[in-house]
Amino acid sequence: MTTSTTSAPSEVELAIGGMTCASCAARIEKKLNRMDGVSATVNYATEKAKVSYAGEVSVPDLIATVEATGYTAREPEPVRAGPAPGDGTSAASGSAESGGDTDALRPLRQRLVTAVVLAVPVIAMAMVPALQFEYWQWLSLTLAAPVVTYAAWPFHRAALTNARHGAATMDTLISVGTSAAFLWSLWALFLGTAGTPGMTHPFELTIARGDGSGNIYLEAAAGVTAFLLAGRYFEARAKRKAGAALRALLELGAREVTVLGADGRERTVPTAELAVGDRFLVRPGEKIATDGTVVEGSSAVDASMLTGESVPVEVGVGDGVTGATVNAGGRLVVEATRVGADTQLARMARLVEDAQNGKAAAQRLADRVSGVFVPVVIALALATLGFWLGNGAGPTAAFTAAVAVLIIACPCALGLATPTALMVGTGRGAQLGILIKGPEVLESTRSVDTVVLDKTGTVTTGRMTLLAVHTTGATDEADVLRLAGALEHASEHPVARAVADGARERLGGTLPTPEDFANVPGLGVQGVVDGHAVLVGRERLLGEWAMTLPADLARAREEAEAAGRTAIAVAWDGEARAVLEVADAVKETSAEAVRRLRALGLRPVLLTGDNRAVAASVAREVGIDAGDVVAEVLPQDKVDVVKRLQAEGRSVAMVGDGVNDAAALAQADLGLAMGTGTDAAIEAGDLTLVRGDLRAAADAIRLARRTLGTIRSNLFWAFAYNVAALPLAAAGLLNPMIAGAAMAFSSVFVVGNSLRLRSFRPVG
């Protein structure tokens, strides 16, 4: 990152502050792109701007342009890989850590609580004549004043900022409408007749022109503020999680590492202090601290979180290992080759960040419409004022009509349209094991036509399982399971654990304890069980003891390997007795899930870091076409696959569960993370499937589409009520009870429409 003037293209990421809606991001992006040599994308969700600049432009120039647009900008903290204990910050965090997120939301939460507590009695007194005691209007003023000033201040501040730059958003309409209602109520109370003791708002729905001197609109000002603050709060809470995917990624790395000194002595230091060339110790079960080369020992390394390969990788002296992978076997000494921001984990974090910043911000329908609606309403209010003044109606009647236009246009039901549908939809989703992060997510579900499925942990169980036992004619399967299972139970290798677990499950009991157990690196295990000399492992292990597989077992081994499964030979007492098949088993529900996704009009694509034989076998089992299988891909390749599909004009949904899927989940138009997966994947996804059942992906898309449809119908009717009442307001025929009743009815309609989502049922 550089701030110097240079002719070569440079890139910088700016943390943007002060945005209140998607149109703010669009305005900043437009201003930056008008600068010579600048190409910028602004993401409202992550509060970041990714800017490419060249020529005479510098970073201070970019920051000055953003500030001139009415927002703040700064260079964020750089990514830190290998975090020290307690350090969870990253370049994409937007604000600091989770505690900082909570602090950032506290002022908004305080305003929301203030607004709700004070607005409820104001609305009740205005709408229920029985509650209108002698001085009720003055109590209403006392309660409403803090709501319209303190609680609604974010709307007023945003409106002022927009006004300085000649823009109008929904904040402008909210600020103008609530201010007009409140100021008119002050005029009516102090200078009109509304402050008279005993004044009431009778429940009359007659259409008649009046001078407005006895009308107060405090319930409209307070109620609209409370409703819209609730929507803003829940939106902000969801948006604050945008950088959590990167924090989760960086926190996957080991926090401390055992470094070996030149004298061979061990010392524990924070991972951040590792330097290239340092040698460090990795014990069985520990995470590898950083990228490096094995200089001593051999083991099996579980790299599935990075590569998606379900079978652990055997490593020995001279082999490369990756930071944050897990040593599943023996003791290793590793020499660090890449540290800090150069590691593969840090590069993956940057992939996720780039994908998030590159994703087009979802433009809210309300904000898009407000760009036209707000100026039209203000112009109509001014035209109404001018018309009645020009026709000799008198200033009071003219101002009454003009203010009525602003008040009736203030979006009470509009404030409820998105939050209520989202609240009911997400609540129903939670009951079904589907978590929806926010309204932006729903926009993508409408258009997705391709669903990319990660294999390991999504379509399959994500763990090695004993699938089949092939024996010679004279060998009993129970003997094979008992002897092989007992020997493998003494090993820490994931494949061995699969055999041991499968043997225990099938035999329904405990396994004997082996004697003289020995691990043969890269080949298998050997030992004595119940007096038998047993070998379990690769065919080469048997060959070292001058044993060969009979023709039927050799054929079983070949078929297993052709299907992408791991074949394990078993021998005892000098004779080959069986072949075991171990693989990552397909979930029982995956084939049904693929059928349901096809029924939604989606084309399923299987994407995996596993080998082609395994991928093809899984695809056949679940019903995915051979031409829609992409295998042997690294994390960055997964992102490229998603980008390629998007470049073909497809709208892509991605379903995954591992760290290796996080960047692709962020890049996809719609990311669905399995709740049984890693935190990085869950945070990078837009929807989380709590149960880990792929069938929930189809239900999630159906529910999201239904929720989006509800929001759109809510928005339509919310605007429809406002637009229908505007002519009455302009004609001066809108009395307070009609305004109140219209507002109440539109709100009740919106809430009732949203509650219909509670009847959503999954298929089957």
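Bear in mind that the values here come from a model prediction, so they are computed numbers and not experimental data.

Take the overall build of the protein chain next. Along the backbone of the protein chain there are 26 helices and 26 strands. Going through the 764 residues of the protein chain one by one, you find that 55% of them count as buried. Sequence separation of 24 or more characterises 71% of the internal contacts of the protein chain that already satisfy a separation of 6 or more.

This part is about the sheet that holds strand E18 (residues 524-529). Sheet architecture is open: six strands sit in the order E16-E21-E20-E19-E18-E17, paired in antiparallel fashion. Looking along the sheet, the strands with just one partner apiece sit at the ends: strand E16 (460-471) and strand E17 (515-520). Strand-to-strand twist across the sheet, computed as the mean angle between neighbouring axes with direction ignored, equals 20°. Here four bridges tie strand E19 (residues 532-537) to strand E20 (residues 566-572), and the two strands are oriented antiparallel to one another. In the strand pairing of E20, Val534 is matched with Trp572.

For the rest of this paragraph, the subject is the pattern of salt bridges. With the rule as written, the count across this model stands at 26 salt bridges. Close ionic contact of Arg557 with Glu561 constitutes a salt bridge, the shortest N to O distance being 3.1 Å. Taken together, the positions of Arg557 and Glu561, both in helix H19 (residues 551-562) and four residues apart, correspond to about one turn of that helix. The class for Glu561 is partly exposed, based on a relative accessible area of 40%. Between Arg695 and Asp693 there is a salt bridge whose closest N-O contact spans 2.9 Å. Residue Asp693 is classed as buried on the basis of its relative accessible area of 10%. Salt bridges sharing common partners tie together Glu539, Arg557, Glu558 and Glu561.

Tracing the chain through its elements places Thr225 in helix H7 (residues 218-239). Judged by its relative accessible area of 0%, Thr225 is buried. If we ignore the near neighbours within four places in the chain, the residues touching Thr225 are Val147, Ala151, Ala152, Phe155 and Thr178.

This part takes up the nonpolar core. Counting 54 residues, the largest nonpolar core has Ile216, Leu218, Leu229, Val377 and Val405 as the members making the most contacts within it. Taken together, the elements giving at least two residues each to this core come down to helix H3 (98-127), helix H4 (136-151), helix H6 (170-190), H7, helix H11 (365-390), helix H12 (395-409) and helix H25 (695-730). One finds Leu432, Val459, Ala704 and Leu757 within the second-largest nonpolar core, a separate group that totals 46 residues.

Now for unusual backbone geometry. The phi angle of most residues is negative, glycine excepted, and most peptide bonds adopt the trans form. Positive phi is not limited to glycine here, since Asp573 has a value of about 55°. Residue Asp573 is classed as partly exposed on the basis of its relative accessible area, which comes to 43%. One non-glycine residue, Glu632, lies in the positive phi region at around 55°. In this fold, Glu632 is placed in the loop between strand E23 (629-630) and helix H22 (635-647). The exposure class of Glu632 is partly exposed, given its relative accessible area of 45%.

This structure, assessed with the given rule, holds three aromatic pairs. Geometrically, the ring pair formed by Trp138 and Phe190 is edge-to-face, given 5.3 Å between the ring centres and 75° between the ring planes. Within this pair, whereas Trp138 is found in helix H4, its partner Phe190 is found in helix H6, the two being separated by 52 residues in sequence.

A separate point is the UniProt feature "transmembrane region" (unreviewed entry) in the protein chain. According to UniProt, the "transmembrane region" (unreviewed entry) feature falls on residues 112-129, 135-153, 173-196, 216-234, 369-390, 396-418, 715-731 and 737-755. As a span, residues 112-129 carries 89% helix and 0% strand, and end to end its C-alpha atoms are 27 Å apart. Summarising residues 173-196: 75% helix, 0% strand, and an end-to-end C-alpha distance of 31 Å.

What follows is about the packing of H4 against H6. Their axes nearest at 11 Å, the elements H4 and H6 cross at an angle of 150°. Viewed along their axes, H4 and H6 adopt a mutual orientation that is roughly antiparallel. Here H4 and H6 pass one another in a crossing that is left-handed. Taken together, the residues of H6 that come into contact with H4 (itself represented by Gln137, Trp138, Leu141, Ala144, Ala145 and Val148) are Thr178, Phe182, Leu186, Leu189 and Phe190.

What counts, and where the lines are drawn
- Residues numbered from 1 in each chain as written.
- Predicted model: local features only at pLDDT ≥ 70, side-chain atom pairs only at ≥ 80, totals over all residues.
- Heavy atoms only, no water.
- Helix = DSSP H or I, 4+ residues; strand = E, 2+ residues; numbered from the N terminus.
- Buried < 20%, exposed > 50% of the residue type's maximum accessible area, 1.4 Å probe, protein only.
- Contact = heavy atoms within 4.5 Å.
- Pairing = 2+ DSSP bridges.
- Axes fitted to C-alpha atoms, helices over the stretch in contact; angles between N-to-C directions.
- Salt bridge = Lys/Arg side-chain N within 4 Å of Asp/Glu carboxyl O.
- Core = buried A, V, L, I, M, F, W, Y, C linked by side-chain atoms within 4.5 Å.
- Phe/Tyr/Trp six-rings, centres within 6.5 Å; stacked < 30°, edge-to-face > 60°.
- UniProt positions renumbered as here; feature names shortened; annotations may be inferred.
- Parallel < 35°, antiparallel > 145°, perpendicular 65-115°, else oblique.
- Left-handed = near helix turned anticlockwise from the far one by under 90°.

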